[in-house]
Amino acid sequence: MKLTLKIWRQKNAQDKGAMVDYKIDGIEPDMSFLEMLDVFNEQQINAGEEPVAFDHDCREGICGMCSLFINGEAHGPDRGVTTCQLHMRMFNDGDTITIEPFRAAAFPVVKDLVVDRSSFDRIQHAGGFISVNTSGNTIDANTIPVNKKDADDAFDAATCIGCGACVASCKNSSAMLFVAAKVSQYALLPQGRIEATDRVLNMVNQMDHEGFGNCTNTGACEVECPKGISLENIARMNREYLSASLKG
Amino acid sequence: MAKSALLKSSIAKKVAMALSGIFLMLFLAQHFFINMTSVFSSNTFNSISHFMGNNPLVQFVIQPILIVGVIFHFIMGFVLEIQNRNARPISYAKNNGAANSSWASRNMIYSGVVILAFLGLHSYDFWVPEMVYKYVEVNPLDETRYFHELVAKFESPVRTALYCLSFVLLSLHLRHGFSSSFQSVGQNNKYTKGMKGFGLWFSVIVPLGFVVIALFHHFNH
Amino acid sequence: MALDSKIPNGPIADKWTDYKDHINLVNPANKRNLDIIVVGTGLAGGSAAATLAELGYNVKAFCFQDSPRRAHSIAAQGGINAAKNYKGDGDSVHRLFYDTVKGGDYRAREANVYRLAEVSSNIIDQCVAQGVPLAREYGGLLDNRSFGGTLVSRTFYAQGQTGQQLLLGAYSAMNRQIGRGKIKMYNRHEMLELVIIDGKARGIIARNLVTGEIERHSAHAVVIGSGGYGNVFFLSTNAMGSNATAAWKIHKKGAFFANPCYTQIHPTCIPVSGDHQSKLTLMSESLRNDGRIWVPAKLEDAQAIREGKKKATDLAEADRDYFLERRYPAFGNLVPRDVASRAAKERCDAGFGVNKTGEAVYLDFAAAIQRYGKEQAHIKGLDENDTKLVTKLGTDIVRSKYGNLFQMYYKIVDEDPYTTPMMIYPAVHYTMGGTWVDYNLMTTIPGCFSIGESNFSDHGANRLGASALMQGLADGYFVLPYTIGDYLAPDIKMGAISTDRPEFDEAEKSVKDLIAKFMNNKGTHSVDHFHKKLGKIMWNKVGMARNAKGLTEAIEEIAALREEFYKDVKVPGTDKGFNQELEKAIRVADFLELGELFAKDALHRNESCGGHFREEYQTEEGEALRDDENFAYVAAWEYKGKPSDAVLHKEPLVYENIKLVQRSYK
């Protein structure tokens, strides 16, 4: 396959940055999108140019490190996958592919396609945990039975990989789906109920503080989420937040 | 957590937006039913209008609440929009929003601004003259004037067209706004599917009804 | 220097309790005066950082990723073992201990493994209390599945994302401590040197990967939890960034490196599709609970399939060779990983491989789909002979159990695994070898600890499925927090350690020199070019089956490649800022040394055991042939300037509780 790549190039956080056009040849449909970028970078290095920086690590869709806004969509046109699982068979010979970093005020660009998502970490620091000591001197695991449906829903929420596709896809750069996933996971489990009030207030407070936008319920996040985290979690967080505010 | 944070937080703003929206939709529904009577019976229309225009509860309690609700909904809409724009200072070179969301959901601010402009026109047409008639000039009561005033306004093809266009945007605004308001207040459950279906019908029937009323009076009188 | 494993005396079941009762403790007020550096934030590093901070120490944690949550533990799929015996199928601490030692082909240290089995059930209690959503039964209690190499169901799981859920649990515990200010987190930082003062580990030199700054960090102890070195093969199931640099730097500073040749090749990975391949994707071992592994029984069928003239589904039952069931009737498809991998390789080498490259075998769910379908039809009172209905019902069950894995396979290979068998092939997955540590998890450098995959201690020559998560969390949550206190007790009055000391100057200079060398090299080939070459040598000559000739060649080739690398590598850009090529260059430089030591270790071990298979040492049936008389020891290598000069130290393995026998899964 022959392709034209339009890639965002930005030297560092201070640089203004711009889209730059490149040509690439010899791409095979079985390559993953990131393997295509590997080939591109090899070509850049051999030509004495600087390779394009992009985040990636596990390359099996679970670490949440890879990002990229490809042809106007977070993680590209396929559904239920991260960029590392996107394969070139989704594109056609001769296509032009636009590759941009995830855009949000709370995700400043570090270099080229790499962004800083530490705002997500800070939201988790504010309340993404159950305050139990790690001594192991807790009660036997089976002392707390959990309704299977609740356990499954909590698991589904917990599969969030923290990639930021929700923020990138949202027209408002809202982080509601990400925060709601963690709030929901704990809200659904008896272990998590104890601190539910403080947790939701503190996490939402931090989310707002980081400069994410507001949720307009467009549903874009749910569609683009590689793990299919449901909008129901956002509704649950809204409920949790309202009842917590009334209590608090 | 301080109480003031409740009013400042993103979720609280969205809840306020949703609640005011739901209130405005209720208003819209009653407005729709009253106006619809004008198509079938000028007398019924006149008597209901007279009641609404002279009942002290409607005039001095519900009307101010409505005005506050409308103003609040718009101001909050702009506040949210500004925040949302600031949340992404550099926009995408290519953004395929249609791949994951509806046009109506992504453009609430534009449909909203058109509705705001329409409300200006609508107030200028009906509400302001009504206020002047009743409270400035203090004219005597006339239970039969409402239907004629209504018909007179729809003589102009330009005004009729502007009204119809606004109703299309109103439809789009409602189409997303209806289901969105329930999600914002935390309702996403087994009733959601039914609620969305109802919202879809609501967003079509109410604006379509207003279009029919406008066109009916334009062509029939 | 004689290796002292510091195993406590007494009966094995009492060792750990007894040890804990008699160690030195640091009082809570004094813990505030002690700093600990933790490198790596996976299950081991993350759980250690959280626990140490909770105890009161000041923790500085480092990871090269943009968040601690991204450590590669997150990719572990299948599950975590614990001797809970919830199923009442006869499990016990002793049985888990026994299975692990046997699974490790009798090359692990008994006392460590026993302790691991002992704390295993604490892990489950801990994780559930933290809100980790492990799979449950309808009654609300925890569910278990079975894994390779065991006869009981002791594996706890969260669909195919157990590692993710456990890591997020540890991450949440870290978040709590970061929020309290007890952990200072350094994301996008890579440790590049260890600082030793007066013979003790007292700090590290790290590079800020965003700004390029070289930073000094001091502490009273340094903990390495940086994972394994599987990426020495270039292609592996490890993450692209997984590297051995932290572990190798401490090795070069005096920490012995043990058993580097013990590397696990995982049998169920998606086969290589071409030269562009950047990594291999694992399909959870849990698939072998229901999938049947086979190749065509006839060579001509295999050839026809490779040429695309026949499909898997065209072959009748009689024309299929379910080689694991044939060779190992007792364990069948659930033999340990090393055995399953070698059996697949044996078939492919004999010409029975089923993809274009001839390096793939089938993993078939058709039988499971029918079995589950019939069961469902029976439960629902439907027609059990309606093939279409049974297939649909069975497919639904298989989807509920493995849906995410099947989807992953479909996205990568573009073939539907519900209707055509999956193709799998072994790939490098886990490294049992690593930094040598004593019972306290301390390396041969005082004050420098190594936990999780980066140490060598618990898995012997082969790791059983669902044991890596167990070991990482056991080390971090329950072992290190005790042993490190014993070490730190004398340091309570020391106060903060200055980073202005000459030892820091020297360490920083060596890092800066190395970076300058790469930046000024102006070679002609990219880092990946060399890494791929190294990977080929490793896979072909130091891979699943090894022999003296190949290993000797590999040692020479790797040394030559290393020399070429330093002469000809090209690192574009600048070191003053974000530079991924520079990051890779530093890591590959270490792999190029480690690879050689790996081959050297494999060459010296004249036996086959677990993941180390020497073609010269096998039984008549092609099984691994151990030599307990001469090789029942841990090979710990001391660095002496270059890998070829490394000096071997032996820690004899004494088995007092388990009788050494030839491992059999027949």
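Residues numbered from 1 in each chain as written. Chains lettered and ligands numbered in written order. Predicted model: local features only at pLDDT ≥ 70, side-chain atom pairs only at ≥ 80, totals over all residues.

1. A few points about the overall build of chain C
Piece 1. Scanning chain C for helices and strands turns up 18 helices and 19 strands.
Piece 2. Computed over its C-alpha atoms, the radius of gyration of chain C comes to 25 Å, within 12% of the 26 Å expected for a compact globule of 666 residues.
Piece 3. In chain C, which comprises 666 residues, the proportion classed as buried is 60%.
Piece 4. Taking the intrachain contacts of chain C between residues at least 6 apart in sequence as the baseline, contacts between residues at least 24 apart amount to 74%. (Helix = DSSP H or I, 4+ residues; strand = E, 2+ residues; numbered from the N terminus. Rg over C-alpha atoms; globule rule 2.2 N^0.38 Å. Buried ≥ 20, exposed ≤ 12 C-beta atoms within 10 Å, placed from the backbone. Contact = placed C-beta atoms within 7 Å.)

2. Some remarks on the overall build of chain A
Piece 1. Check the secondary structure of chain A and you find nine helices and seven strands.
Piece 2. For chain A, the C-alpha atoms occupy an extent of roughly 60 × 35 × 35 Å along the three principal directions.
Piece 3. In chain A, which comprises 248 residues, the share counted as buried stands at 63%.
Piece 4. Long-range contacts, defined here as pairs at least 24 residues apart, represent 70% of the contacts in chain A between residues at least 6 apart.

3. Some points on the arrangement of the chains
Piece 1. Most contacts, among the two pairs of chains that meet, fall between chains A and C.
Piece 2. The two units chain B and chain C are non-contacting; their minimal C-alpha-C-alpha distance is 17 Å.

4. Some thoughts on the interface of chain B and chain A
Piece 1. Counting residues at the interface gives 38 residues for chain B and 40 residues for chain A.
Piece 2. For the side of chain B that touches chain A, the secondary structure elements donating two or more residues are α1 (3-8), α2 (10-40), α4 (56-86), α5 (103-106) and α8 (157-184) of chain B.
Piece 3. Sorting elements by how many residues they give to the side of chain B that touches chain A places α2(B) first, with six residues.

5. Describing the interface of chain C and chain A
Piece 1. At the interface, 67 residues of chain C touch 68 residues of chain A.
Piece 2. Elements supplying a minimum of two residues to the side of chain C that touches chain A: α3 (43-55), α5 (110-129), α6 (162-180), α12 (387-413), α13 (468-488) and α17 (580-604) of chain C.
Piece 3. Examining the composition of the side of chain C that touches chain A, we find that nine residues originate from one element, α6(C), more than from any other.
Piece 4. Split by residue class, the side of chain C that touches chain A holds 23 nonpolar, 30 polar and 14 charged. (Nonpolar A, V, L, I, M, F, W, Y, C, P; charged D, E, K, R; others polar.)

6. A few points about the UniProt feature "domain: FAD-dependent oxidoreductase 2 FAD-binding" (unreviewed entry) in chain C
Piece 1. As annotated in UniProt, the feature "domain: FAD-dependent oxidoreductase 2 FAD-binding" (unreviewed entry) corresponds to residues 35-469 of chain C in the numbering used here.
Piece 2. Structurally, residues 35-469 of chain C is divided into 33% helix and 18% strand, and its ends, taken at the C-alpha atoms, are 26 Å apart. (UniProt positions renumbered as here; feature names shortened; annotations may be inferred.)

7. Details of the sheet that holds strand β12 (residues 292-296) of chain C
Residues and elements named next belong to chain C.
Piece 1. One open sheet holds the five strands; their spatial order is β11-β15-β14-β12-β13, and the pairing between them is antiparallel. Pairing within the sheet leaves two strands with one partner each, and these edge strands are β11 (263-269) and β13 (320-321).
Piece 2. Of the pairings in the sheet, the one linking β12 to β13 comprises two bridges and is antiparallel in character. Bridge pairing in β13 places Val295 opposite Asp321. (Pairing = 2+ DSSP bridges.)

8. Considerations on the environment of C:Asp125
Piece 1. Turning to its location among the elements, C:Asp125 is positioned in helix α5.
Piece 2. When near neighbours in sequence (up to four residues on either side) are disregarded, C:Asp125 contacts A:Gly136, A:Thr138, A:Ile139, A:Asp140 and A:Ala141.

9. Examining helix α6 (residues 108-136) of chain B
Residue and element names in this part refer to chain B.
Piece 1. An ideal rise of 1.5 Å per residue puts 42 Å on 29 residues; α6 reaches only 36 Å between its terminal C-alpha atoms.
Piece 2. The largest bend along α6 reaches roughly 50° and is located at Ser123.
Piece 3. Among the residues making up α6, those that are buried are Met108, Ser111, Gly112 and Ile115.
Piece 4. In this structure, the buried residues of α6 make contact with α4, α5 and α8.
Piece 5. The first or second residue beyond α6 is Val138, which carries a positive phi of 50°. (Expected span 1.5 Å × (residues − 1). Bend = angle between axes of the 7 residues up to and from the residue.)

10. Side note on the pairing of strand β2 (residues 58-62) of chain C
All names here are of chain C.
Piece 1. The buried fraction of β2 amounts to five of the five residues, a majority that puts the element mostly inside the structure.
Piece 2. Side chains Asn58, Lys60 and Phe62 of β2 all project onto a buried face; the interleaved residues Val59 and Ala61 project onto the opposite face, where all are buried too.
Piece 3. Judged from the five bridges that link them, strand β1 (residues 35-39) and β2 form a sheet pairing that is parallel. Its bridge partner lying in β2, Val38 is registered against Ala61.
Piece 4. For the crossover that starts at β1, traverses α3 and ends in the parallel β2, the hand is right-handed.
Piece 5. Taken together, the four bridges between β2 and strand β5 (residues 183-186) define a ladder with parallel strand orientation. Among the inter-strand pairings, Lys60 is bridged to a residue of β5, identified as Lys184. (Right-handed = clockwise from strand over helix to strand, strands pointing away.)

11. Here's the deal with the sheet that holds strand β3 (residues 69-70) of chain A
All names here are of chain A.
Piece 1. Strands sit in the order β2-β1-β5-β3-β4 across an open sheet of five strands; the sheet is mixed. The sheet is open, and its two edges are formed by β2 (18-24) and β4 (73-74), each paired on a single side.
Piece 2. By the bridge criterion, four bridges tie strand β1 (residues 3-9) to strand β5 (residues 96-100) in an arrangement that is parallel. Bridge pairing links Thr4 to Thr96 in β5.

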